[in-house]
Amino acid sequence: MKPGSVAIVGAAETTEMGLITDLSQLGLHADAALNALADCGLSPKDIDGVATAGSSPVEVAYYLGITPTWVDGTSVGGCSFMLHVRHAAAAINEGLCNTVLITHGESGKSRIGAGGWGAPSRQTLQGQFEAPYGPSGPPTMFTIPVLRYMQDLGLTHEQLAMVAVVQREWAGMNPRASFHEPITVDDVLNSRMIAYPFHLLECCLVTDGGGALILTSADRAKDFPTKPVYVIGTGESVETPMVSQMEDFTTSKAFRVSGKKAFDEAGISHEDVDHLMIYDAFAHLPIYGLEDLGFVGRGEAAQFIWDGNTRPGGKLPLNTNGGGLSYMHSGMYGMYALQESVRQLRGIAPAQVPNAKISIAHGVGGMFAAAGTIIMSNERP
Amino acid sequence: MAEIRKPIPQPTPETQDFWDGTKSGELRLQRCRACSNVYFPPRPFCPKCASRKVESFVSSGKGKLSTYIINTRPAPGFEADAPYAIAVVELNEGPRLMTSIVGVAQTPEALPIDAPVEVAFESVSEAISLPKFRLTGGAK
C-alpha cells in the first residue's frame, strides 16, 4: 500500500467485555460497530465497505443496514482483522469504496449465537493426519512447536512463564482487563498443567467481546473529530493448516514474510517503533514474534523479556493492554491488538506509552497458519 | 447416549495410497521424480517444483521425536488415554508427521526430544491403520 494514504478514524470495543450474557455473536459485532461509528460521528449509511471474519460480511452488513460496494470476508483466524485493514487500504486507494467498517464479535465464553467449532471433516488434511492423534483445540496444537524451540534455542520453563508475568503487570494498569492481580513465575509454574509444557496461566483467556474499526482516506481524515491513526505499512502471509507441517518449529515463516513486508512498506527501522502488540494466544507467541519480526536475534527474545525490556518502563512496551493472557481473548484476538495500538497512538490508553508515535500490531491466525502485520503512526509520513 | 469414538481418517483419492500402505504395514511417502524432493502429506504433484511426475515409496519408518505436548484435556473419544502425548516425528527421509508415541509412559522424563523412534501400526477400523511410533533407544 501507499504509506499513510489511509487512516483509522473510528475505533471502539464492545460496551462490555468479559462475560456478556445479553448479546449474541452478531449482537457483539453490532455493538462494537455502533460504538465505532459514534466514536467518529458516522452512521451506518455512511459506510460503503464492510469486512469481517467469524460471521459473514453479508450478515453484518444486513444487520446494520449497510449497502456496501465492497466486502471482504477473509477468514484466516485471529489475524483476519489485520488482513482486513490491509485489504481495506488497497480498496480505498483503488476507489472501490470510501469508508470501511471492520467488525469483530465473538461470544467466546457464553457461546450465544456462536458459529460451530466442530472437529474437522475426516477427509480434510487435518482430519486425516492430525485429528486421529487426539488434539483438543488450540492449547494442544498451538503449543506443539515449543519443546523443539526449547531444545534448539535454550528457552527455559521459567522464561516462558515470565511472559505471562510481565503481561499481568500491564493488565494491572488496565481497568478493563480480566485479571489485575500481580503474579510470579512460581505462580505460573504452579498453575494447573493444560498441555505440557503449558500451564493454565500461559494460555489465553476465553471471554466475550468485540471491536470495530473505521477506515477512510488520509485526505478525509481531517474531517473527523478523532485523532487520525495512519496506516503506514502492512503485511500478510500464510504457511500451513497443519501445525505439524510448519517448515521450522522454532520460527514462523508467515510471521517473517508478513513482518518484512510491513517494515519494507513503512520504510522504518526497528528503533523507530515505540509500541508493539504481538498476538499472544499462548506465552510463546511474543517470543516467536519478537524474533520473527526482527526486534531481537534468534533465541534472544526470552531473555529480552526476562530482562524487563517489554514491561512498563522498558524500552519496547509490548502487549500493553495485558494481552490475550490477561486482558481478554474471545477467540479471534487480533482486533483487540489493533484497538490497543489505536488507543496508544491517540494517547488515550490506560497504560499509555509516553509520546508513542509508531505502533505495530502483529497477529497470528490458526496455529501458526497465518499472519498479518499493521504498522501505524499518528503522524502522516 | 452413543459412545463417542475417536476420529478415523477418511481417505480421499489423493491419499488412498497412503492409507492402503499403512493397512498393509507400510509407511509410504512420495518422491518427486523431477527434483527428488520427498514430501508429506501425499498429493499428486511435488510441492517444491510442481511436477506431476511423482511416485510413492516405502519409508524406513525410522526417525526421531521432534516435539510434542502432553494433553491433559482429552479430545472426545480419548478420555481413557489422558494424559497423552501428541507428538511430531521427523522421519529419516525428511518429512514430519503428527503421531502418538506408544508403549511408553506419557511423561516428559520418558519422552526425550530427539529420541530415535520407529513406526508401529495400529488398526483402528477395517480400512484404516494409523501410523504410530515407539521409542527404539534405551529410554524407558
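Predicted model, so just to flag it, every value in this text is computed and none were measured.

**Q** Any chance you could break down the overall build of chain B for me, citing the residues and the numbers?
**A** The secondary structure content of chain B amounts to one helix and eight strands. Beginning at the N terminus, the succession of helices and strands in chain B can be written as α-β-β-β-β-β-β-β-β. By the compact-globule yardstick of 14 Å for 140 residues, chain B fits well, its C-alpha radius of gyration being 16 Å. With the C-alpha coordinates aligned to their principal axes, the bounding extent of chain B is approximately 45 × 40 × 25 Å. Looking at chain B alone, contacts between residues at least 24 apart form 49% of all its contacts between residues at least 6 apart.

**Q** Residue-level account of the environment of B:E14, with values.
**A** Residue and element names in this part refer to chain B. The residue E14 is located in the segment before α1 (16-23) in this model. Taking the C-alpha atoms as reference points, E14 and P42, separated by 28 residues in sequence, lie 6.6 Å from one another. Ignoring anything within four residues of it in the chain, the contact list for E14 reads P42, R43 and P44.

**Q** Tell me what's going on with the nonpolar core, and back it up with residues and numbers.
**A** Buried together is how nonpolar side chains tend to be arranged in soluble globular proteins. Residues A:V85, A:L215, A:V231 and B:Y68 are the most contacted members of the largest nonpolar core, which totals 158 residues. No other element matches the nine residues that helix α6 (residues 157-171) of chain A contributes to this core. Setting aside residues no more than four positions away along its own chain, A:V85 makes contact with A:I102, A:L213, A:L215, A:V231, A:T234, A:L338 and A:I374.

**Q** I'd love a proper account of the interface of chain A and chain B, names of residues and values included.
**A** Every contact between the two is made by 28 residues of chain A and, on the other side, 32 residues of chain B. Elements with a minimum of two residues in the side of chain A that touches chain B: α4 (125-129), α5 (146-153) and β5 (193-196) of chain A. The residue makeup of the side of chain A that touches chain B, split by class, is 15 nonpolar, 10 polar and three charged. In terms of strand pairing, β5(A) meets strand β4 (residues 62-71) of chain B through two bridges, oriented antiparallel.

**Q** Got a sec to walk through the packing of helix α1 (residues 25-40) of chain A against helix α2 (residues 57-64) of chain A? Specific residues and values, please.
**A** Axes are the key here: two packed helices are described by the angle between their axes and the distance separating the axes. Residues and elements named next belong to chain A. At a closest axis distance of 10 Å, the pairing of α1 and α2 adopts a crossing angle of 60°. One finds that α1 runs oblique with respect to α2. As for how α1 packs across α2, the hand of that crossing is right-handed. Here α1 contributes L26, H29, A30 and A33 to the contact with α2, which in turn contributes E59, V60, Y63 and L64. Here the residues of the contact of α1 with α2 are counted per class, giving six nonpolar, one polar and one charged.

**Q** Residue-level account of the sheet that holds strand β2 (residues 38-39) of chain B, with values.
**A** Residue and element names in this part refer to chain B. Reading across from one edge, β2-β1-β3 is the order of the three strands in this open sheet, with antiparallel pairing throughout. Each of the sheet's edge strands pairs with one partner strand only, and the pair in question is β2 and β3 (54-58). Sheet analysis places strand β1 (residues 28-32) next to β3, joined by five bridges and oriented antiparallel. By the bridge assignment for β3, L29 is matched with F57.

**Q** I'd like to hear about unusual backbone geometry, residue by residue, with values.
**A** Residue and element names in this part refer to chain B. Omega for the bond connecting F40 with P41 falls within 30 degrees of zero, at -5°, which places this linkage in the cis form. When you line up the elements, P41 lands in the loop between β2 and β3. At the junction of A82 and P83, the peptide bond is cis and its omega measures out at -5° in the coordinates. Structurally, P83 is set in the loop between β4 and β5 (84-91).

**Q** Explain helix α3 (residues 80-94) of chain A residue by residue, including any values.
**A** Residue and element names in this part refer to chain A. Along its 15 residues, α3 runs 21 Å from first to last C-alpha, staying within 8% of the 21 Å computed at 1.5 Å per residue. Across the 15 residues that make up α3, a large majority, 12, are buried. Those residues of α3 lying buried are S80, F81, M82, L83, H84, V85, R86, H87, A88, A89, A91 and I92. Once α3 finishes, G95 follows within two positions and takes phi at roughly 80°, a positive value.

**Q** Tell me about the sheet that holds strand β8 (residues 229-238) of chain A, and name the residues and values.
**A** Working definition: the strands of a sheet are paired by backbone hydrogen bonds and lie parallel or antiparallel to each other. Residues and elements named next belong to chain A. Taken together, nine strands build an open sheet; the order of strands is β3-β2-β4-β7-β1-β8-β11-β10-β9 and the sheet is mixed. At either margin of the open sheet sits one strand with a lone partner, and together these are β3 (70-72) and β9 (275-278). Between one strand and the next, the sheet's axes are offset by a mean angle of 20°, whatever the strand orientation. Pairing geometry for strand β2 (residues 49-52) and strand β4 (residues 100-107), over four bridges, is parallel. If you follow A51 over to β4, its bridge partner there is I102. Packed onto the sheet, helix α10 (residues 285-292) meets β9 and β10 (358-365) and runs at close to 125° relative to β9.

**Q** So what's going on with the pairing of β5(A)? Residues and values would help.
**A** Residue and element names in this part refer to chain A. Taken together, the two bridges between β5 and strand β6 (residues 198-199) define a ladder with antiparallel strand orientation. In the sheet register, M193 faces β6, and the bridge partner there is H199. What sits between β5 and β6 in their antiparallel hairpin is a turn of one residue.

**Q** Can you lay out the packing of α3(A) against helix α13 (residues 334-346) of chain A for me, pointing to particular residues and giving the numbers?
**A** All names here are of chain A. Packing of α3 against α13 leaves a shortest axis separation of 7 Å and a crossing angle of 60°. Compared by their axis directions, α3 and α13 come out oblique. Where α3 abuts α13, its residues S80, F81, M82 and V85 lie against G334, M335 and L338. Tallied by class, residues from the contact of α3 with α13 come to five nonpolar, two polar and no charged.

**Q** A description of the environment of B:S125 should follow, citing residues and the corresponding values.
**A** Residues and elements named next belong to chain B. With respect to the element layout, S125 can be found in the loop between β7 (116-123) and β8 (129-135). For S125, a count of 12 C-beta atoms within 10 Å corresponds to the exposed category. Expressed as a C-alpha distance, the spacing of S125 and L29, which sit 96 residues apart in the sequence, is 22 Å.

**Q** Which residues make up the pairing of β5(B), and what are the values?
**A** Residue and element names in this part refer to chain B. Taken across its eight residues, β5 has seven buried, putting it largely inside the fold. With eight bridges connecting them, β4 and β5 associate as antiparallel partners. Paired with N71 across the bridge in β5 is Y84. Relative to strand β6 (residues 96-99), β5 runs antiparallel, the two being bridged by four bridges. Bridging from a neighbouring strand, V89 pairs with L97 of β6.

Reading the values: the criteria
Residues numbered from 1 in each chain as written. Chains lettered and ligands numbered in written order. Predicted model: local features only at pLDDT ≥ 70, side-chain atom pairs only at ≥ 80, totals over all residues. Helix = DSSP H or I, 4+ residues; strand = E, 2+ residues; numbered from the N terminus. Rg over C-alpha atoms; globule rule 2.2 N^0.38 Å. Contact = placed C-beta atoms within 7 Å. Core = buried A, V, L, I, M, F, W, Y, C linked by C-beta atoms within 7 Å. Buried ≥ 20, exposed ≤ 12 C-beta atoms within 10 Å, placed from the backbone. Nonpolar A, V, L, I, M, F, W, Y, C, P; charged D, E, K, R; others polar. Pairing = 2+ DSSP bridges. Axes fitted to C-alpha atoms, helices over the stretch in contact; angles between N-to-C directions. Parallel < 35°, antiparallel > 145°, perpendicular 65-115°, else oblique. Left-handed = near helix turned anticlockwise from the far one by under 90°. Expected span 1.5 Å × (residues − 1).

Read these as geometric descriptors, not functional statements.
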